[in-house]
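Each chain, written out:
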Amino acid sequence: MSQTPDFPLVIDLNVGGVVYTTTLKKLTSHPNSKLFGIFTGSEPVEKDSKGRFSLHRDGVLFRYVLDFLRDGTFLLPYCFRDKERLKNEAEKLPLQGLVEAITSENRVKPPGVITVGYRGSFQFGKDGLAEAKLSRILFSGRVALCREVFGETLNENRDPDHGQLERYTSRFFLKHSFLEQTFDMLVEQGLKMVGSCGSGTFGGSSDLKPGVDAEENRWNHYNEFVFMRD
């Protein structure tokens with residue numbers, strides 16, 4: 001292949017607003033791909049205001065495309081949730097080897113344990129019917145596993161990341177209060193419930209905080225569920 005003088009050996013890319021620096025050799029390593037066509041001059045390509053070559057693709061997912069172009073290997077993080085979107089990007093480029101790698105990628109996930117807890121009560125709504133009322137859904141476990149399972153639904157404000165790779169936490173909680181959604185997310189990542197416990201109801205007559213309904217307070221309870229992946 002003769003070198004096209006319009007393309008330097010090191011190329012700055014603007015992919016959907018995300019900036020990358022890579023090599024011409026890497027971008028032209030798959031002759032049947034759209035990238036090969038662009039960076040050998042057979043297909044048009046635009047430049048942004050700073051002179052970087054502009055590709056109208058998903059900028060965040062393009063990092064995995066570059067990983068594949070580097071040496072043909074492919075390994076996704078355990079917390080990755082956009083496999084179908086990445087496959088779509090690979091099909092559009094197209095990079096058949098990457099499509100096949102995504103399709104066959106079935107990593108063995110490491111074992112781990114997450115304990116889910118919630119405090120709840122029963123509130124009495126319309127026509128006197130009782131409805132379950134949950135406050136925050138809390139959990140404890142290894143931070144990496146919690147992020148893998150719950151992704152963007154995590155609220156880490158009470159325990160911000162200080163760069164410790166394998167730390168544990170008991171201070172995370174979820175941004176939603178749907179227990180069924182929580183259980184679905186755990187099951188989807190291969191965890192199974194192995195134990196649970198509950199506190200029962202509370203019928204004390206101690207002074208209540210302002211705004212707390214006395215009848216609802218009688219039905220306060222706390223439950224925990226232990227999920228494990230082995």
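Note that this is a predicted model, so its numbers are computed, not measured. (Residues numbered from 1 in each chain as written. Predicted model: local features only at pLDDT ≥ 70, side-chain atom pairs only at ≥ 80, totals over all residues. Heavy atoms only, no water.)

Visitor: Tell me about the overall build of the protein, residues and numbers included.
Guide: What the protein contains, in helices and strands, is eight helices and ten strands. Here the protein, with 230 residues, has 37% of them falling under the buried criterion. For the protein, the exposed area adds up to about 14,100 Å²; of that, 52% sits on carbon and sulfur atoms. (Helix = DSSP H or I, 4+ residues; strand = E, 2+ residues; numbered from the N terminus. Buried < 20%, exposed > 50% of the residue type's maximum accessible area, 1.4 Å probe, protein only. Areas by Shrake-Rupley, 256 points an atom, 1.4 Å probe, with all protein chains shown as cover.)

Visitor: Describe unusual backbone geometry, with residues and values.
Guide: Backbone phi values are negative for most residues with the exception of glycine, while trans is the configuration of most peptide bonds. The step from Leu-93 to Pro-94 runs through a cis peptide bond, and the omega angle for that step is -25 degrees. Within the element layout of this structure, Pro-94 appears in the loop between α4 (83–92) and α5 (96–104).

Visitor: An account of the pattern of salt bridges is requested, with residue identities and associated values reported.
Guide: Applying the stated criterion across every chain yields a total of nine salt bridges. Of the charged contacts, one joins Asp-48 and Arg-52 as a salt bridge, the two residues approaching to 2.9 Å between their closest N and O atoms. Each of the two residues, Asp-48 as well as Arg-52, counts as buried. (Salt bridge = Lys/Arg side-chain N within 4 Å of Asp/Glu carboxyl O.)

Visitor: How would you summarise the environment of Gly-195 if you had to cite specific residues and measurements?
Guide: Relative to the elements of secondary structure, Gly-195 occurs in strand β9 (residues 192–198). Overall, Gly-195 belongs to the partly exposed group, its relative accessible area being 25%. It is 8.4 Å that separates the C-alpha atoms of Gly-195 and Glu-224, two residues lying 29 residues apart in sequence. Ignoring sequence-local partners within four residues, the contact set of Gly-195 consists of Glu-224, Phe-225 and Val-226. (Contact = heavy atoms within 4.5 Å.)

Visitor: Describe the environment of Val-45, with residues and values.
Guide: Assignment of secondary structure puts Val-45 in the loop between α2 (34–38) and β3 (46–47). For Val-45 and Leu-35, which are ten residues apart along the polypeptide, the C-alpha to C-alpha distance reads 10.0 Å. Setting aside anything within four residues of it in sequence, one finds Val-45 in contact with Phe-7, Ile-38, Phe-53, Ser-54 and Leu-55.

Visitor: Tell me about the packing of aromatic side chains, and please be specific about residues and values.
Guide: Under the criterion given, the structure shown has nine aromatic pairs. For the pair Phe-7 and Phe-39, a centre-to-centre distance of 5.5 Å together with 70 degrees between the ring planes defines the contact as edge-to-face. Remark: Phe-39 occurs in the loop between α2 and β3 and Phe-7 occurs in the segment before β1 (10–15); sequence separation between them is 32 residues. Here the aromatic rings of Phe-183 and Phe-227 are separated by 5.3 Å at their centres, their planes lie at 45 degrees, and the arrangement is tilted. With Phe-183 in helix α7 (residues 179–188) and Phe-227 in strand β10 (residues 221–229), the pair connects residues that are 44 residues apart, well separated along the chain. By relative accessible area, which is 22% here, Phe-183 ends up partly exposed. A connected cluster of aromatic rings, assembled from ring pairs, spans Tyr-118, Phe-183, Phe-225 and Phe-227. Looking at Arg-63, its charged tip hangs above the ring of Tyr-64, at a distance of 5.1 Å from the centre. (Phe/Tyr/Trp six-rings, centres within 6.5 Å; stacked < 30°, edge-to-face > 60°. Lys NZ or Arg CZ within 6 Å of the ring centre and 35° of its normal.)

Visitor: Can you tell me about the side chain of Lys-26, naming the residues and giving the values?
Guide: Structurally, the position occupied by Lys-26 is in helix α1 (residues 24–27). The side chain of Lys-26 is buried and forms no salt bridge, while Asp-67, the nearest opposite charge, is found at 6.6 Å. With near-sequence residues (within four places) excluded, Lys-26 lies in contact with Leu-66, Leu-69 and Arg-70. (Lys, Arg positive; Asp, Glu negative; His and termini not counted.)

Visitor: Describe the environment of Asp-71, listing the residues and the values that go with them.
Guide: Residue position: Asp-71 is located in helix α3 (residues 62–71). Considered as a pair, Asp-71 and Ser-29 are 42 residues apart in the sequence and their alpha carbons are 9.5 Å apart.

Visitor: Help me get a handle on the sheet that holds strand β4 (residues 53–55), residues and values and all.
Guide: Note: strands within a sheet are paired through backbone hydrogen bonds, in either parallel or antiparallel orientation. Taken in spatial order, the four strands of this open sheet run β2-β1-β4-β3, and their pairing is mixed. Unpaired on one side and paired on the other, β2 (18–23) and β3 mark the two borders of the sheet. Examined bridge by bridge, β1 and β4 share three bridges and lie parallel to one another. Counterpart to Leu-13 in the pairing with β4 is Phe-53. In the packing of α3 onto the sheet, the strands contacted are β1, β2 and β4, and the crossing angle to β2 comes to about 10 degrees. (Pairing = 2+ DSSP bridges. Axes fitted to C-alpha atoms, helices over the stretch in contact; angles between N-to-C directions.)

Visitor: For α7, give the residues involved together with the corresponding values.
Guide: Buried residues of α7: Leu-179, Thr-182, Met-185 and Leu-186, and no others. The buried residues of α7 occupy an angular sector of 125 degrees when the element is viewed end-on, so they sit on one face. What points out from α7, more than 90 degrees from its buried face, is the exposed set Glu-180, Val-187 and Glu-188. Within two residues after α7, Gly-190 carries a phi angle of roughly 85 degrees, on the positive side. (Arc of directions from axis to C-beta.)

Purely geometric stuff here, so don't read any function into it on its own.
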